[in-house]
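So you can see what is in the structure, the chains are spelled out below.
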Amino acid sequence: MGDALRAIARVTGVPLVFDSRIVSGHTAKAVSGRLSGAEAIAAAVKDSGLESVVSPEGVVVVKRAAKPAAASAPAADSAPALLRTGIAASQSAGVQASADEDVAGKPTSAPTGQPGTGEQPRVESFTRVEVTGSRLRRLEAEGPAPVNVYTGKDIEKSGQPNLQMFLASLTESSASAGEGAFSRTAGQATVQLRGLPLGSTLVLVNGRKVQAVGSSTGSVFNLNLIPLAAIERVEVVPSGSSAVYGGDALAGVVNVIMKKSMNGQSLSARLGSGRGFGDGSISLAVGGHNADGNYLLVGAFSRATPLTMQDRDFFKNVDYRGIGGSDGRLPYCTPGTVSSLSGNLPGLTSSTAAIPQVAPGKALTVADFQATAGTSNLCNLYATGGGSVLFHGTQTFSLHSLAEQRLWDNWTAFGEVMFTNHRLEGPGRGILLSSVTVPAANLFNPFGADVKVTSALGAENGDVSSLRRGSFTRVVAGVKGDLGGDWDAEVTASTSSDHGTVVAMNQFVDRPALAAALASTNPATSFNPFTAGRAANDAVLDAILSDDSRRDRGRKDQLSAVARGSVGQLWAGPVDAVVGAEAARDWYDMVVTGTDLHGSRRSSAVYGELRAPLLAAAEEGSRGWNLAAVTVAGRRDRYSDFGSASTFQGGLEVRPVRDVLIRACAAGSFKPPTLLQTNVPDLLSNAVDYGLVDPARNGEALSSGTVVRTTNKALQPEKGLAQSIGAVWEPEGGLGTRVSATYWRLKIRSMIAVLPTQTALNYEALFPGFVTRGPSVNGQPGVVTSIKSTEVNFGRLDTAGMDVDVAYGWKTSLGRLTAAMGATRFNDYRVQLAPGAPTVDRLGRRFTDFWAPQWKGRVSVGLDEGAWSVGLTSRYLGGYRDAGTSDRKLGDWWIHDVAATVNLKKLWPQWLTAFSAGTLGVSVANLTNRQPQYVSGVPNYDITQADWRGRYGSVRLSLDW
C-alpha cells in the first residue's frame, strides 16, 4: 500500500501525508480511468480499513478509517495494484505535476495466507512506472537518466502561446530556431535541447516516432501540428538516448503524451493579446469509460495574427550608431530615390534626390525635388511593404481521438487518430526596384530625361509574403495484453503523413515586362515608380510579378512489437527485461518549379533492455528497496540507404536510503542523414565563379573546370555519446520538497555538413575522389577538371554542464506555499566543422545556429489555497557576447511571468450547478515588457533568444460536465 500511495503522489503531484506504520500490510486496489490524484488515492485505499481526506490546503491525508472494515482474505482477482502510467515524476524547477494524470492498473498474482491460522496475509504493493528514456516499467519513477515532466497545466500557466515557446523557455533549451521570416525553419516549430543543431532532438508522440514533415524540408518535426488542447504532458530527456528510441536522439528526447480518457464533456476557451497582435483558441472534448474500455475525442480550433517589423519601433529607424551599432538603412524606401544616368538631374544641382511624398493623384514636378536634392530616402527595407514577419499568423483545426476496448481476459485493442489542418501566413517586405531605368517618355517622369529609381513599392502593390497550407494525419492501431506469468506485450502499426504547399508571393520580377510598363505612354499599361501608392493596375502588376511555389509530401509507416517481463530472480529482486523490434518506411517528395526531389528509405531495428537489482535493503513496516541496480540497453538499426548503426546504454542507481538516489548513465546515440542529404540532385556550375585556388599547383587560380553539387554515397550517421552523474533527494511527506543535481557531458562526432570546395582542394588527400584532375605534366599535378560539393562526416562538438533543481513546499494559513529554483550552467561548448578549421568556443558567444549561454535559470513561487492559486516565475538568461569578435554584452536579464487560477466550482457552486468543474485562469508573460536587444547584422536581434511579443496576457476558461 505504501509504495502504491507514493507512486500515485509522485506521478500526479498531489501532496500526500501518511504514516507508513499504519498503511503497512494493507493492499492497494487496482485503479483505472482519468482520476485526479486525490481520487486515485481514494480508490486505492477503498475497503482496506483506511480512508483518505483532503485538507483545506489540498493535502491528501491517509489514516485509519473511523469504522474499520472487516478484513477478509483477498481474492485472486483483487491483488495489489500495478500502475502502468508511462510517466515520470516531475523534475521541473518551479513546475508542479498535474493532479489530473491517468492511473491505470491491473492485478498481479494474489498472495496466500497460512491456512487455518485466521491471520490476514501481509500483502505488499508493487508500483511500476514507465519513464521516457527507458522502455522498462520500474518500481520507482526515478531512473538512471534524468527525465523532466511538464503537464498541460504547466503549459497553460506559463502564459506561452504555443508549445515551441514553452519548450524554448525551459533551462534544458539553451537556444531556439527562432520565429518568423528569419527563423531557420521557416516558421516551423521545433526544439533544440542543449542548444545543439537542428534535428538533434527526437520528437515522440505517445512514445512513438513521427516523421520529419515535408513543410520543413524533411529535417524536423513541426510541433505546431500537435493540438495543444489534447496534450496531457510533455516529458523531456535532456540527454542522448538512441539505444532506447533509435536515431535523431543526439541531444535527447521530447515525448508529447496526449490525453487518454475522460468521463463527460469539457469545453475550454482561451484569448491572448499583446501590442499589435492577438490569438485565441477553443476546444471541446468528449469522452467516456467503463470496465471494458474508454474513448476520447478532442476537437480544437486556434487562430493567431502575425506581428511584423512595422509593429515595433525598434525597426523603424535602423541607424543604430547611437547605441554602438551600425547604420542599417538602405535606399529601398517608399517612395525611393531618383538619380541621373550621368551628371546632375535636370533642373537640380545634384545627381540624386529623395522622392518626396505627395498627395495621391498629384503629379510630381522638378520643383518638388528642390528641397530633397542631394539627399536620399534611407530606411529599413525589411519594414517596407507589409513588413517582414517577426512571427507568423496561424490558423489550425485539429482532431485527436483515442479508444481502447478489452477483447478478452487481459488483452486490449487500442487506436489513435490525429488530424491537423494548418495555415501559416506572413507579410513581407516591399517589392524592390533596384536602379531601374525610367525612360524620359514615362508618364510620371518629371525630368524629361532617362533617370534611375531605387525604391520599395508601397503595400498597395503587394509584398514579398508567404503562405503555407497543409495537413497532417497520424493513425495508430494495436493490441496489448499479458503473455503469461509476469510478461506483457504490445504490437502496434502506425502511419503518419503530411502534405502541403508553400507559396512565396511576388518572388520574381519580369524585367522585360517592367521595362515595357515603364516605357508605356498609355495610362492603362503604364507604371509609376515615383509614387508611394499604387504603381500600376492589377493587369500590369500581374504581368510583372510572379510567385514561387513548393509542394511537399512526407510519410512514415511503422510496425513495432515489444514485450516486457522478468527473466529471473537475483538475491536482490527480479531482473526485468524488454525486447522489441521495429520496421519502418519513410519517404519524402518535394516539387519546386522545374525540380522534383524524391527520397525514400526502409529501416529495421531490434533492441533490448535489462534492469538487474544488485543490493536490497529492508525497512521495518514497509517493503524494501534496491540499494543498487544496473540498467543496460542495446539497439541495432539498419537502413536501406547508408548501412547500420549500433548503440548502447548503461546506468547505475544507488539508494543508500529510500529518499536519496545517486545515479550515473552513459548512452550512445546517432542521427541518420536526412532524405534530402542522401538524395541530392546533380547540379553543375563553373568553378571559376567560386574564386578557387589550387594549392597543389602553387596557389594557381582555377580558370576552368566544374563544381558538381551531388550526393555523397558514403555518407554515414552522426554519432554521439552522453554521460551524466547526479543525485536526487526527495523526502516522503515533503509537500513537493526536492533537490537534484546532475553533471552531464555530450560529445558528437562525424557531424554532417557540406564540405566547402576550397577545403576539398586544401585537403585533397583526406577526401579521395572529390577532386578530379587532368593528366600530370612534368611531375606537377594536372589541372582540376571537377570538384564535388557534397555532404561529408567530419565535424565534432563537445559540450558539458550542470543542472540543478531545488523545490520546497510548506503549509501556511493561506494554503500550500511552494518555492523552486532550477538552473543549467554550461562550462564547455566547443565546435570544429571542417578540416584545418580552428576549434571554436561557442560558450557564451552568439551564433545563429547552435551555441549556448553559460547560464539559464528560473525561480518560482506559488500559493495554492485550493479554491484559487497564484504564482510568479522569473526566467533568467545569463550574459553572453555578440557574434564574431564583438565585445558587445548581451543577455544578463530576467523576464517575469505571473499566473492565477480560480476554481469556479469551489467558490461559487450555486452558479455552476450544471457543471462538474469550472476554472478560470489568467496569465501575463513578460510582465515588465522586456524587448530583445540589438545585435550586429540583419535582422539586428538574436533569433535564438528573442520573443517580440513583449508583455503578453491571456485568459482561459474551462468547464466540465
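Above: the structure in question.
None of these values were measured; they are calculated from a predicted model. (Residues numbered from 1 in each chain as written. Predicted model: local features only at pLDDT ≥ 70, side-chain atom pairs only at ≥ 80, totals over all residues. Heavy atoms only, no water.)

Draft legend 1. Region of interest: the environment of Y150. Within the secondary structure, Y150 is located in strand β6 (residues 148-151). By relative accessible area, Y150 is classed as buried at 4%. Along the backbone, Y150 and R233 are 83 residues apart, and their C-alpha atoms lie at a distance of 5.4 Å. Separated by 2.6 Å, the side chains of Y150 and E172 make a polar contact. (Helix = DSSP H or I, 4+ residues; strand = E, 2+ residues; numbered from the N terminus. Buried < 20%, exposed > 50% of the residue type's maximum accessible area, 1.4 Å probe, protein only. Polar contact = N/O pair within 3.5 Å; in protein donor to acceptor, adjacent residues only side chain to side chain.)

Draft legend 2. Region of interest: the pattern of salt bridges. Counted under the stated rule, the structure contains 40 salt bridges. Its salt-bridge partner being K316, residue D313 comes within 3.2 Å of it at the nearest N-O pair. Residues D313 and K316 agree in their burial class; the two are exposed. For E416, the salt bridge goes to R474, with nearest N and O atoms at 3.1 Å. Of the two residues, E416 sits in strand β19 (residues 411-426) while R474 sits in strand β22 (residues 466-484), which places them 58 residues apart along the sequence. Residue classification places R474 among the buried residues on the basis of a relative accessible area of 4%. Each member of the salt-bridge network shares a partner with another, and the members are R208, E416, R474 and E490. (Salt bridge = Lys/Arg side-chain N within 4 Å of Asp/Glu carboxyl O.)

Draft legend 3. Layout of helix α7 (residues 511-519). Along α7, the residues classified as buried are L514, A517 and L518. Projected down its long axis, α7 shows its buried positions confined to an angular sector of 100°, all on one face. Where α7 is buried, its residues touch β20 (432-438), β23 (487-509) and α8 (538-544). The backbone nitrogen of A513 has a side-chain oxygen 3.1 Å away, supplied by the residue at the start of α7, namely D510. (Arc of directions from axis to C-beta. Contact = heavy atoms within 4.5 Å.)

Draft legend 4. Here's a closer look at the nonpolar core. Judged by nonpolar contacts, the single largest core of 44 residues is most densely connected at L163, L167, L223, V234 and Y829. Within the residue set of this core, elements represented by two or more residues are α5 (163-168), β7 (201-205), β9 (231-237), β10 (252-258), β13 (293-304), β35 (738-754) and β39 (816-832). For this core, the leading source of residues is β35, giving four residues. If near-sequence neighbours (up to four positions away) are discounted, L163 is found in contact with I155, L223, L228, I231, V234 and V256. Within the second largest apolar cluster, 27 residues are counted, among which are L457, L518, F530 and I544. (Core = buried A, V, L, I, M, F, W, Y, C linked by side-chain atoms within 4.5 Å.)

Draft legend 5. Layout of the sheet that holds strand β3 (residues 60-64). Read from one edge to the other, the open sheet built from three strands follows the order β1-β3-β2, with strand pairing classed as mixed. Two strands in the sheet have a free side with no partner beyond their single neighbour: β1 (16-18) and β2 (50-54). Across the sheet, the axes of successive neighbouring strands diverge by a mean angle of 25°, strand direction being ignored. Summarising the sheet, β2 and β3 pair through five bridges and their orientation is antiparallel. (Pairing = 2+ DSSP bridges. Axes fitted to C-alpha atoms, helices over the stretch in contact; angles between N-to-C directions.)

Draft legend 6. View of the sheet that holds strand β16 (residues 352-354). With respect to topology, four strands assemble into an open sheet ordered β16-β15-β21-β20, the strand pairing being antiparallel. Either end of the sheet is taken by a strand with one partner, and the two such strands are β16 and β20. With direction set aside, neighbouring strand axes in the sheet form an average angle of 15°. Pairing of β20 with strand β21 (residues 451-456) involves five bridges; the strand directions are antiparallel. Counterpart to L433 in the pairing with β21 is S455.

Draft legend 7. Local environment of the packing of aromatic side chains. In total, this model carries 23 aromatic pairs according to the counting rule given. Between Y150 and F166, the ring centres sit 5.7 Å apart and the planes meet at 80°, which makes this aromatic pair edge-to-face. Of this pair, Y150 sits in strand β6 while F166 sits in helix α5, and the two are 16 residues apart along the sequence. Looking at F166, the relative accessible area reads 1%, which means it is buried. Considering the side-chain rings of W908 and W911, the 5.5 Å spacing of their centres and the 10° angle between planes classify their relative orientation as stacked. One aromatic cluster is present, formed by F314, F315, Y320, Y934, Y941 and W948 through successive ring pairs. The lysine or arginine in question, K480, covers the ring of F414, its NZ or CZ lying 5.4 Å from the ring centre. Its end group placed over the ring of F850, R842 keeps NZ or CZ at 4.5 Å from the ring centre. (Phe/Tyr/Trp six-rings, centres within 6.5 Å; stacked < 30°, edge-to-face > 60°. Lys NZ or Arg CZ within 6 Å of the ring centre and 35° of its normal.)

These figures come from the coordinates and say nothing about function on their own.
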